[in-house]
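Coordinate analysis (summary)
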Amino acid sequence: MNQDFYTIAISVISLSVAIFALYLNYRNHNISRKSYLVNRELIRNGSLHLDFVKATQLEDRYVVHLVIFNPSEIGLLLHSLTVFEIVENRSWINELLNKCEWRELSDAKWWPTKNLDDLNIKTRSDEYKNVYVESNRDIYVSIPGFMPRSKHKFEIMTNLGEYAHIGSVDSIRSYFSHCFQQFWHEK
């Protein structure tokens, strides 16, 4: 009887520890899941967006007007902007795989601005106050030559990450998009 009592006591203690561990695991899972969902929403709502406004052809160059939107509460700093142009002579393999080849336009100059009427190229010392973006900022990109109808890719680097915008540069008109969608791939 004494041995049966110890066996039952150890079994009850083991069962109570297992139930307590199961409760802690369930509680920690719920907390981890809620924390994951909050962090996911913060990342989604904090992602920046770069959009094309218009392009203007000048005598020896064309100026592309972009705007960057920062929906997060944290201000961002613009570090760099790189411009790429699509290479049209694609092989049939690249066309079959839908792979694009991009060529960097190293002569492109960019500057953030508040004065939308001045299309002259600015330096960092002229526009250093406009590098900080609280909610949105206009950016001009000057590219030498005449405006092609090919697609361009604008990659912007900030302290919050990078973003790329791909689209054609059109001087005729720029419309509001009919629907804006962001797709999030869940893992």
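Scope of this entry: the structure provided in the associated data block. (Residues numbered from 1 in each chain as written. Predicted model: local features only at pLDDT ≥ 70, side-chain atom pairs only at ≥ 80, totals over all residues. Heavy atoms only, no water.)

**Considerations on the overall build of the protein**
Selection criterion: Secondary structure elements are taken from DSSP: a helix is a run of H or I of four residues or more, a strand is a run of E of two residues or more, and numbering for both begins at the N terminus. Between buried and exposed lies partly exposed: a residue is buried under 20% and exposed over 50% of the maximum accessible area for its type, with that area taken using a 1.4 Å probe on protein chains only. Contacts are assigned to residue pairs that have any heavy atoms within 4.5 Å of one another. Each accessible area value is a Shrake-Rupley result obtained with a 1.4 Å probe; residue values ignore everything except the protein chains displayed when judging cover.
Scanning the protein for helices and strands turns up 3 helices and 9 strands. Residues counted as buried form 30% of the 187 residues belonging to the protein. By sequence separation, contacts in the protein at least 24 residues apart represent 65% of the contacts at least 6 residues apart. Surface exposure of the protein reaches about 13700 Å², of which carbon and sulfur atoms provide 57%.

**Section: the packing of aromatic side chains**
We count it as follows: Side-chain rings of Phe, Tyr and Trp (the six-membered ring for Trp) are treated as a pair once their centres are within 6.5 Å; stacked means planes under 30 degrees apart, edge-to-face means over 60, and tilted covers the remaining angles. Both a distance and an angle decide whether a charge sits over a ring: NZ of Lys or CZ of Arg must be within 6 Å of the ring centre and within 35 degrees of the ring normal.
Scanning the entire structure with this criterion turns up 2 aromatic pairs. When the centroid spacing of 5.9 Å and the interplanar angle of 65° are considered together, the rings of Trp111 and Tyr140 count as edge-to-face. Of this pair, Trp111 sits in strand 5 (residues 109–113) while Tyr140 sits in strand 7 (residues 136–144), and the two are 29 residues apart along the sequence. Neither residue differs from the other here; Trp111 and Tyr140 are each classed as buried. Over the face of the ring belonging to Phe84 we find Lys153, whose NZ or CZ atom lies 5.2 Å from the ring centre.

**Observations concerning the side chain of His152**
Put simply, the rule is: Whenever two N or O atoms come within 3.5 Å, that pair is a polar contact, provided that in protein one can donate a hydrogen and the other can accept it, and provided that, for residues adjacent in sequence, both atoms are side-chain atoms.
Mapped onto the fold, His152 is located in strand 8 (residues 151–158). Owing to a relative accessible area of 0%, His152 belongs among the buried residues under this scheme. A polar contact is formed between the side chain of His152 and the backbone oxygen of Ser150, at a distance of 3.3 Å. When residues no more than four places from it in sequence are discounted, the contact partners of His152 are Tyr62, Val83, Phe84, Glu85, Trp102, Leu105, Ile143, His165, Ile166, Gly167 and Val169.

**Looking at the pairing of strand 1 (residues 49–57)**
Put simply, the test is: When DSSP finds two or more bridges between a pair of strands, those strands are recorded as paired.
Relative to strand 2 (residues 61–69), strand 1 is paired through 8 bridges, and the arrangement is antiparallel. Residue pairing for strand 2: Phe52 is matched across the bridge by Leu66. The antiparallel hairpin formed by strand 1 and strand 2 contains 3 residues in its connecting segment.

**Points about the sheet that holds strand 5**
Worth spelling out the cut-off: Convention adopted: a line fitted to C-alpha atoms gives each axis, helices being fitted over their contacting stretch, and angles between N-to-C directions are expressed from 0 to 180 degrees.
Overall, antiparallel pairing links the 4 strands, which are arranged 1-2-7-5 in an open sheet. With partners counted over all chains shown, the strands left at the sheet margins are strand 1 and strand 5, one partner each. For this sheet the average axis-to-axis angle between neighbouring strands, irrespective of direction, equals 25°.

**Remarks on a nonpolar patch on the surface**
What counts is decided by this rule: A patch consists of residues whose relative accessible area exceeds 30% and which take part in no salt bridge; residues with like charges are grouped when within 9 Å of each other, and nonpolar side chains (Val, Leu, Ile, Met, Phe, Trp, Tyr) when within 5 Å. For this document, the term salt bridge refers to a Lys or Arg side-chain nitrogen within 4 Å of an Asp or Glu carboxyl oxygen.
On the surface, Phe5, Tyr6 and Ile10 cluster together into a nonpolar patch covering about 370 Å² of accessible area. Checked against the element boundaries, Ile10 lands in helix 1 (residues 2–45). Given a relative accessible area of 55%, Ile10 falls into the exposed group.

**Some points on the nonpolar core**
Definition in use: Each nonpolar core is a collection of buried residues, namely Ala, Val, Leu, Ile, Met, Phe, Trp, Tyr and Cys, held together in the definition by side-chain atoms within 4.5 Å.
Counting 23 residues, the largest nonpolar core has Val64, Leu66, Ile68, Val141 and Phe154 as the members making the most contacts within it. Elements with a minimum of two residues in this core: strand 1, strand 2, strand 3 (76–86), strand 7 and strand 8. Not counting residues up to four positions away in its chain, the partners in contact with Leu66 are Leu50, Asp51, Phe52, Val53, Leu81, Arg137, Asp138, Ile139, Val141 and Phe154.

**Some remarks on the environment of Pro144**
Tracing the sequence through the fold places Pro144 in strand 7. Residues Pro144 and Lys109, spaced 35 residues apart in sequence, show a C-alpha to C-alpha distance of 9.0 Å. Non-local contacts of Pro144, meaning those with residues more than four positions away in its chain, are made with Asp60, Arg61, Tyr62, Asp107 and Ala108.

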